[in-house]
Amino acid sequence: MMKKTGTGMFMKNLLIIVSLATSALTASAAGLDLIPWPAKVQPEPGQFTINQQTVVTADAPFAAEAALLAGDIHLKTAAGAKANRIRLTTQGAEALGEEAYRLEVDQQGATIHAHSPAGAFYGCQTLAQLLEPKTQTIPLVKIEDAPRYAWRGLMLDVSRHFFDQPTILRLLDWMADYKLNRFHIHLTDDQAWRMEIDKYPELTRTGARGNFTDTNAPARFFTKSEMREIIRYAAQRHIVVVPEIDMPGHASAATRTFPQLDGGVKTYNPASEATYDFLQNVLLDVMQTFPSPWIHFGGDEVNTSGWGKDAAAAEKMRAEGLQKPQQLEGYFVRRMTQFISQHHHTPMGWDEIVAAKPATNTVVFWWRHNKPEMLEQALAGGYAVVLSPRSPCYFDYPQDKSYPQIGWKICNTPEAVYGGPKIPASISPALRKNILGVEACVWTEHIGSVPYLEFMIMPRMVALAEMAWTADGQRDFGNFNARLKPLVAQYQQLGIHSYDENNPEGSLREARPSAKLPATASATSASHQ
Ligand code: ACM
């Protein structure tokens, strides 16, 4: 089983850490090197030892979580065991929130109390981190835990470079280890269309050809059955796969396949009903394939300079009461958000869509860190927001100051990621309540191999996870980094390419042998957009 290859299970091999952070000091000294750090940890003397007779037992609602845990830690499940067991139960969990859990380890075994299967799953993830694989012991402890944010996301762009199903499943394992719960998959862009759509086989037959480095690369895409397996695997780990079909910009893969939809400068033509027929058919297929209640329709970086130039466009604008071609963008955004909502899904888009004033059930992703006013406007406009500003949430940017810069000359170190997005002080506590959470984005113009993908994600994803899960006042980078450091060495032992702050040059060379190092390289200039 792929689970625990990278993270949780080997955390127990760590050295005891002497920490300066008071909240985690006692627990760290007791060897409880958990990531993300839980809300309350009360270590006790002693340990529970797993033996041949130890079983996992669960109340009916948590049977799936129990089976997954048992598989991970090589135990059997059994009903009704009273001792020498790991028990998942709804009892005593009435007051716990949606993703919360309580974990108690005593001489009889471990009990995970939760109100929902997600809470039970997170309790299992914590338990798996506590288990020392060599001695099969779990330290006695009482833990109460609940997340800071409901949305703890990672976005992967599979258009600029394609990453296959096994790679995605491994990524989902890592996400699950650290309690991330949204996998946002950017399926379409100018470079290629990566998702099979039944009504339009050409989209993948020809639209899936090429990538950012080689426009002639053979077609790569997810078949329906591959995508369904990704969705099933993620759901088992309480991760929702959120699909993104980018529109009306970033449309070249679709418009080179269907030139009649072309609006110029990498856009769909928003004045043509054929565009709406096509996109609505695509979205209906996506809604059937993905159980996600959210559909991300992009909406970013639209170049409208090719719009409104012909008689049909002028007629459309007249009919819709639009004065300027640019207003077609707002019309397009409102129409697509309405369509998604009418089909009982929540529309999501990048922060440009705020200008269109779509209905307030739309969720806005704030990505332009240099435009904090977009976050302010979105929240003031009544929209729920996911924070994914380039700084510090874009994982295509370098993680070390000694590396060549890309585009915006931003360096998103693990420490910067851990520090989280900067929310302007002007935003009131009441409006902050509408921040759903955070998401890191892995754009892949410059990420064309699995080792380099790993390197850009690890260990920043771990920093993201603790930033997203662990409560204010409980996060301390020094303490986190002490828990993280030994993991990095272990990733490397396991063949996972991880950035290593103690060996920036060597770890980059391992992950990307062709990388130009600063002494010899000029900074790359292309941005991720
Ligand atoms: C984006 O980076 N264009 C959302």
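Refer to the structure presented above.
Conventions and cut-offs
Residues numbered from 1 in each chain as written. Predicted model: local features only at pLDDT ≥ 70, side-chain atom pairs only at ≥ 80, totals over all residues. Heavy atoms only, no water. Buried < 20%, exposed > 50% of the residue type's maximum accessible area, 1.4 Å probe, protein only. Helix = DSSP H or I, 4+ residues; strand = E, 2+ residues; numbered from the N terminus. Pairing = 2+ DSSP bridges. Disulfide = S-S within 2.5 Å. Contact = heavy atoms within 4.5 Å. Axes fitted to C-alpha atoms, helices over the stretch in contact; angles between N-to-C directions. Phe/Tyr/Trp six-rings, centres within 6.5 Å; stacked < 30°, edge-to-face > 60°. Lys NZ or Arg CZ within 6 Å of the ring centre and 35° of its normal.

## Re the pairing of strand β14 (residues 346-350)
Moving on, step 1. The buried fraction of β14 amounts to four of the five residues, a majority that puts the element mostly inside the structure.
Moving on, step 2. For strand β13 (residues 294-298) and β14, the ladder comprises three bridges, and the chain directions are parallel. Across the sheet, Trp-294 pairs through a bridge with Thr-346, a residue of β14.
Moving on, step 3. Looking at chain direction, β14 and strand β15 (residues 363-366) are connected through three bridges and run parallel. The residue of β15 that forms the bridge with Trp-350 is Phe-365.

## Observations concerning the state of the cysteines
Moving on, step 1. This structure, assessed with the given rule, holds zero disulfides.
Moving on, step 2. The closest cysteine sulfur to the non-disulfide-bonded Cys-393 is located on Cys-441, 7.2 Å from its own sulfur.

## Thoughts on the sheet that holds strand β7 (residues 137-145)
Moving on, step 1. With respect to topology, seven strands assemble into an open sheet ordered β1-β7-β5-β6-β4-β2-β3, the strand pairing being mixed. Looking at which strands have only one partner, the edges of the open sheet turn out to be β1 (40-49) and β3 (76-77).
Moving on, step 2. Here strand β4 (residues 85-89) runs beside strand β6 (residues 109-114); their pairing, made up of five bridges, is parallel. Within the sheet, the bridge partner assigned to Thr-89 lies in β6 and is His-113.
Moving on, step 3. Taken strand by strand, helix α2 (residues 63-72) contacts β2 (55-58), β3 and β4, and its axis lies near 170 degrees from that of β2.
Moving on, step 4. Sheet contacts for helix α3 (residues 117-130): β4, β5 (101-106), β6 and β7; angle to β5, the most-contacted strand, approximately 40 degrees.

## Describing the packing of aromatic side chains
Moving on, step 1. Inspection of the entire model under this criterion finds 24 aromatic pairs.
Moving on, step 2. Plain terms: the ring middles of Phe-455 and Tyr-499 are 6.1 Å apart, the flat faces sit at 80 degrees to each other, and that makes the pair edge-to-face. Residue Phe-455 is found in helix α15 (residues 450-457), and its partner Tyr-499 is found in the loop between α17 (477-493) and α18 (504-511); the two are separated by 44 residues along the sequence. An identical accessibility class is assigned to Phe-455 and Tyr-499; each is buried.
Moving on, step 3. A connected cluster of aromatic rings, assembled from ring pairs, spans Trp-151, Trp-294, Trp-350, Phe-365, Trp-367, Tyr-394, Tyr-397 and Trp-443.
Moving on, step 4. Lying across the ring of Trp-469, Lys-179 places its NZ or CZ 5.6 Å from the centre.

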